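As a plain string of letters, each chain reads:
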Amino acid sequence: INDIKGKNWQGTAKCRYRQRDQACVLEDVGEQGALVRFTNPQRAITPGQYLVLYDGERCLGGAIIESGEDETETTPGNALEAFNTD
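To keep things clear, this report deals only with the structure shown in the data block.

Cut-offs and rules
Residues numbered from 1 in each chain as written. Predicted model: local features only at pLDDT ≥ 70, side-chain atom pairs only at ≥ 80, totals over all residues. Heavy atoms only, no water. Helix = DSSP H or I, 4+ residues; strand = E, 2+ residues; numbered from the N terminus. Buried < 20%, exposed > 50% of the residue type's maximum accessible area, 1.4 Å probe, protein only. Core = buried A, V, L, I, M, F, W, Y, C linked by side-chain atoms within 4.5 Å. Polar contact = N/O pair within 3.5 Å; in protein donor to acceptor, adjacent residues only side chain to side chain. Contact = heavy atoms within 4.5 Å. Pairing = 2+ DSSP bridges.

## Quick look at the environment of Ala34
Summarising the element assignment, Ala34 is placed in strand S3 (residues 34-38). Look at Ala34 and you get buried, because its relative accessible area is 12%. Separated by 29 residues in sequence, Ala34 and Ala63 place their C-alpha atoms 9.3 Å apart.

Take a look at the structure:
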């Protein structure tokens, strides 16, 4: 994730092992964490789950989901906060 610190980054992510990669934008990567906005609505994003970021086939790293803008609704552009686990 160090490669994308301080930048807005577009790529894919997944919150579940069998989930297909989902398009997202990672915003404001700093010392404490990041805000991830998905292009399409996501269901049941739950704090404590891991978020894994990908650039094509390359795994960039993962983080623990701290909170979701809305963990139960599937509204377009839903966002979550994820914190680097180093």
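## Some remarks on the nonpolar core
Counting residues in each nonpolar core, the largest one holds 13 residues, and the members touching the most others are Cys24, Phe38, Leu51 and Leu53. By residue number, the principal contributor to this core is S3, which donates three residues.

## Considerations on the side chain of Gln19
Inspection of the secondary structure puts Gln19 in the loop between strand S1 (9-14) and strand S2 (22-27). With a relative accessible area of 17%, Gln19 lands in the buried category. Within the structure, Gln19 has its side chain in polar contact with the backbone nitrogen of Cys15 (distance 2.7 Å). Gln19 has contacts with Lys14 and Gln42, leaving out every residue within four places of it along the chain.

## Digging into the pairing of S1
Across the six residues of S1, five count as buried, placing the element largely inside the fold. Across five bridges, the pairing between S1 and S2 is antiparallel. Among the inter-strand pairings, Thr12 is bridged to a residue of S2, identified as Ala23. One ladder, built from three bridges, connects S1 with strand S4 (residues 50-55); its direction is antiparallel. If you follow Ala13 over to S4, its bridge partner there is Leu53.

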